[in-house]
There are 2 protein chains.
Amino acid sequence: MSTVLVSETWGEHAAVLARQAAASGAGGSVGRVELRVLDVATPASPLRLQRGGVLERVAVAFETYGELNADGTNAVLVTHALTGSAHAAGVAERDGELGWWDPLIGPGKPIDTERFFVVCSNVLGGCYGTTGPTSLDPATGRPYGPSFPRYTVCDMVEVQRRLLAQLGVRSLRAVIGGSMGGMQALEWAVSHPELVRAVAPLAVGARHSAWAIGLNEVARRAIMADPAWAEGRYPPGSQPAAGLATARAIAMLSYRSFDSFEERFGREKRAVGAAADGACASDGEVFQVASYLAYQGEKLVERFDANTYLHLTRAMDDHDVAAGRGPLERVLGAVRMPALVMGIDTDVLYPEPEVRELARLLANARYERIVSPHGHDAFLIEYAQLAPRLREFLADDRAA
Amino acid sequence: MSTVLVSETWGEHAAVLARQAAASGAGGSVGRVELRVLDVATPASPLRLQRGGVLERVAVAFETYGELNADGTNAVLVTHALTGSAHAAGVAERDGELGWWDPLIGPGKPIDTERFFVVCSNVLGGCYGTTGPTSLDPATGRPYGPSFPRYTVCDMVEVQRRLLAQLGVRSLRAVIGGSMGGMQALEWAVSHPELVRAVAPLAVGARHSAWAIGLNEVARRAIMADPAWAEGRYPPGSQPAAGLATARAIAMLSYRSFDSFEERFGREKRAVGAAADGACASDGEVFQVASYLAYQGEKLVERFDANTYLHLTRAMDDHDVAAGRGPLERVLGAVRMPALVMGIDTDVLYPEPEVRELARLLANARYERIVSPHGHDAFLIEYAQLAPRLREFLADDRAA
């Protein structure tokens, strides 16, 4: 078990990646990677959304690592979480950043780019290059903002399916992702069993719980309560920063755990503003945990869009892999492909019993527990535990 | 274990009380009770606060049940939680409401008013009759609002001590309370061992954790982000309702549990506003859990004050029973009186290991586990489990 208390969300992701790369076993880097963009919907072939909307233009931002084989059957789709992006591995051409799952993807790494053609794309409705609320609505020439049509995890998968078809992928060796990425993996397994040979949903349940919906709800309330939100019609560059920061702070609590906060912050305080003096000393201090949550909020504001946050969390809340398909037991029982389901013992957002239940209902699943003090975020931290399990899962010949 | 999914915070408290009264064993009602008020600080004997402020006038609102014995030694102090009041038992003279711990307090009940003189007072800084941010500042003739001086759990206890002295209480048979009430009970045990013979802190730790501070912090952020907050200078009747409601919604999540939300709400939806129609049907619905959280927020806004919420949660965050007293082990190890510490197996706010640790460090404590799907709020719900433990604890002759 790692004792390094860092991760993307601790704001020290590069340090984690560097330190954990070794722990995840042998393997090299995919090197410098470029974000590419392809159109997957056009007026001639629009994207009809599950909830009734239509998008006449959809561009998808994506990265690929490794080479597609001649018959187009060695692709692995890696799917990202709520505030993630297509940059899963390697060093971004644009800004030099390491991908969010770099220790797991590369030559000789568990998701081995010498064997697999790995694809990661920004989800439909995201704000990292794929068409979403920050994109221009061709009908008005202005950003969609709040009028971006509602979409679901199912629609995200359809966009990925179109992208993969354009790339020449004929079937997927596996779809792998955590949290919202796990929802996409599950949706792939249920809706396209003919295209997917194995699936690895991590730290996620079969449908979004009332608890998780409640947490998203209060985060959305925080955004919408910010007067700068302006019913979603804020000008570019003037988003509801305070509201989005509070939403992130709420989410951060659910991504971590009692123990990780206690270990890292305890009751430590730090001075704020001017030097604390005499009688007001106590008021010139804040708890480190408060300062940390504020910092995490500010950081998200710099890199994410409030309307996108609202839309994506609604899509997560709508996640129910059995919706419209029959009883959950039957829907998941019909998924015959090998599945690797990993849960985290300290996850408060998707508690282990929920994840274990998902594994139980899938016809051919193996459940693996990640032991970590870090809570939900362990799927972005505990590479030493994730790596051997993914390596073994992808070595399995049953689905090769 | 109760399977009735109701409580104060489910908005069905009366129903709980009625149903659970039977489960808590024999016992009658204390009948109609009146809220009384006494001054415990005057310009001649001001209240000097731990953090340096001074209050020249402090009035305390309180209720009592049962009779004080001749030597003033049969009093039990019951201490309330964050949004609680002095109305712990019986039927309020003013509005007919049942007290928040009515099944536990009364003739023949575990906190037996035929044996004990039970006192419950609204805490210093509260908004149910005791001097707090909504009170008029004698210096300005306007409500204190944000300028109410910062106070601590220690100050709450000093106000209670003064009240009890005025009532003729010479020593306390026990101090009993959950959550913030438990902080007061602990502070009593540590600061006034000569006045207290037994203590029962429920669902609380020895000091506020980084996790609990973080939850309070995001709740405060929600309040302060509301433009109606106006740096705390909102006019009476125009408080930051949206912010306070969101703060409450955040807190509600931490008072409950994954399982209780799942059991009660699952993925149920309800229509909102005008009848849902065709294409927009999905947008005309909200999840029940979202509706519930909104409702709980609105209900709190009707009965609580935002500045008071900010102040009280800061006092909770400052809770550290060892602060300024030495190592925690030594401070709690010096508490020789019998202690009953109860934790709740599903409490996410004060997780059971934290509560158990408190019991371990106290010299003479018994730990009891409350098994409940309801999370932290179980201390306001699980009367059938609380009652026998409190009854036995108070029957114990060691501290009689």
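Residues numbered from 1 in each chain as written. Chains lettered and ligands numbered in written order. Predicted model: local features only at pLDDT ≥ 70, side-chain atom pairs only at ≥ 80, totals over all residues. Heavy atoms only, no water.

With respect to the overall build of chain A
Looking only at helices and strands, chain A features 11 helices and 16 strands. For chain A, buried positions account for 61% of its 400 residues. Taking contacts inside chain A between residues at least 6 apart in sequence as the whole, the part at least 24 apart equals 74%. About 14400 Å² of surface is accessible on chain A, with carbon and sulfur atoms providing 51% of the total. (Helix = DSSP H or I, 4+ residues; strand = E, 2+ residues; numbered from the N terminus. Buried < 20%, exposed > 50% of the residue type's maximum accessible area, 1.4 Å probe, protein only. Contact = heavy atoms within 4.5 Å. Areas by Shrake-Rupley, 256 points an atom, 1.4 Å probe, with all protein chains shown as cover.)

Quick notes on the relation of the copies chain B and chain A
Superposition record for chain B on chain A: RMSD 0.0 Å, screw rotation 180°, translation along axis 0.0 Å. Classification of the inter-copy transformation places it as that of a two-fold axis. (Least-squares fit on C-alpha atoms with pLDDT ≥ 70 in both.)

Describing the pattern of salt bridges
Residues and elements named next belong to chain B. Per the counting criterion, the structure on display carries 38 salt bridges over all chains. Notably, a salt bridge pairs Arg-220 with Asp-317, separated by 2.7 Å at the nearest N-O pair. A residue pair is termed long-range when its members are at least 10 positions apart, and Arg-220 in helix 4 (residues 210-225) and Asp-317 in helix 8 (residues 306-317) qualify at 97 residues. With a relative accessible area of 5%, Arg-220 lands in the buried category. When its relative accessible area of 1% is taken as the criterion, Asp-317 is described as buried. (Salt bridge = Lys/Arg side-chain N within 4 Å of Asp/Glu carboxyl O.)

What to know about the confidence of the model for chain A
Residue and element names in this part refer to chain A. Counting all residues, the mean pLDDT for chain A is 92, and 90% of those residues have values of 70 or more. In the model, residues 1-11 has pLDDT below 50 throughout and makes 49 contacts with residues more than four positions away in sequence or in other chains. Confidence over residues 274-282 falls short of pLDDT 50; this stretch has 4 contacts with residues more than four positions distant or in other chains. Here the predicted complex carries an ipTM of 0.91, next to a pTM of 0.92. (pLDDT = per-residue confidence, 0-100.)

Considerations on helix 7 (residues 288-303) of chain A
Look at helix 7 of chain A: 23 Å from first C-alpha to last across 16 residues, which is about the 22 Å you get at 1.5 Å a residue. Looking only at helix 7 of chain A, the buried set comprises Val289(A), Ala290(A), Ser291(A), Tyr292(A), Leu293(A), Ala294(A), Gln296(A), Gly297(A), Leu300(A) and Val301(A). For helix 7 of chain A, the elements touching its buried residues are helix 5 (241-255), helix 6 (258-264), strand 13 (269-271), strand 14 (285-287) and helix 8 (306-317) of chain A together with helix 4 of chain B. (Expected span 1.5 Å × (residues − 1).)

Looking at helix 4 of chain B
Over its 16 residues, helix 4 of chain B runs 22 Å from end to end, which matches the ideal 22 Å to within 8%, given 1.5 Å per residue. Across the 16 residues of helix 4 of chain B, 14 count as buried, placing the element largely inside the fold.

Some remarks on the packing of helix 4 (residues 210-225) of chain A against helix 5 of chain A
Think of two packed helices as two axes; the pair is described by the angle between the axes and how far apart they sit. Residues and elements named next belong to chain A. Interaxial distance between helix 4 and helix 5 falls to 7 Å at its minimum, and their mutual angle equals 160°. As the angle between them shows, helix 4 and helix 5 are arranged roughly antiparallel. The interaxial crossing formed by helix 4 with helix 5 has right-handed handedness. Within the contact between the two elements, helix 4 uses Leu-215, Val-218, Ala-219, Ala-222 and Ile-223 and helix 5 uses Gly-243, Leu-244, Thr-246, Ala-247, Ile-250 and Ser-254. Of the residues contributing to the contact of helix 4 with helix 5, the split by class is 8 nonpolar, 3 polar and no charged. (Axes fitted to C-alpha atoms, helices over the stretch in contact; angles between N-to-C directions. Parallel < 35°, antiparallel > 145°, perpendicular 65-115°, else oblique. Left-handed = near helix turned anticlockwise from the far one by under 90°. Nonpolar A, V, L, I, M, F, W, Y, C, P; charged D, E, K, R; others polar.)

Points about the environment of Lys299(B)
Residues and elements named next belong to chain B. For Lys-299, the location among the structural elements is in helix 7 (residues 288-303). When its relative accessible area of 25% is taken as the criterion, Lys-299 is described as partly exposed. Sequence separation between Lys-299 and Ala-245 is 54 residues, and the spatial gap between their C-alpha atoms is 8.1 Å.

So, the pairing of strand 10 (residues 117-121) of chain A
Strand residues, when the strand is regular, have side chains that alternate between the two faces of the sheet. Residues and elements named next belong to chain A. With 5 of 5 residues buried, strand 10 lies mostly within the body of the structure. Burial of strand 10 is two-sided: the residues Phe-117, Val-119 and Ser-121 facing one way and the residues Val-118 and Cys-120 facing the other way are all buried. Pairing between strand 5 (residues 58-65) and strand 10: 4 bridges, direction antiparallel. Its bridge partner being in strand 10, Thr-64 is matched across the sheet by Val-119. (Pairing = 2+ DSSP bridges.)

Details of the packing of helix 2 (residues 153-166) of chain B against helix 3 (residues 180-191) of chain B
Residues and elements named next belong to chain B. At a minimum axis distance of 9 Å, the contact between helix 2 and helix 3 shows a crossing angle of 70°. Relative to helix 3, the element helix 2 is oriented roughly perpendicular. Contact residues: helix 2 offers Val-153, Cys-154, Met-156, Val-157, Gln-160, Arg-161 and Leu-164, while helix 3 offers Met-180, Met-183, Gln-184, Glu-187, Trp-188 and Ser-191.

Quick word on unusual backbone geometry
Not every positive phi belongs to a glycine, and Glu231(A) is a case in point at roughly 55°. Along the polypeptide, Glu231(A) turns up in the loop between helix 4 and helix 5. Positioned with a positive phi, Ser179(B) is a non-glycine residue whose angle comes to about 60°. Looking at the element boundaries, Ser179(B) is found in the loop between strand 11 (172-178) and helix 3. When its relative accessible area of 5% is taken as the criterion, Ser179(B) is described as buried.

A word on the nonpolar core
In terms of nonpolar packing, the biggest core is built from 186 residues, with Leu124(A), Tyr309(A), Leu124(B) and Tyr309(B) touching the most fellow members. Among residues more than four places away in sequence, those in contact with Tyr309(B) are Leu82(B), Thr83(B), Ala219(B), Ile223(B), Leu244(B), Ala247(B), Ala251(B), Tyr255(B), Leu300(B) and Phe304(B). (Core = buried A, V, L, I, M, F, W, Y, C linked by side-chain atoms within 4.5 Å.)

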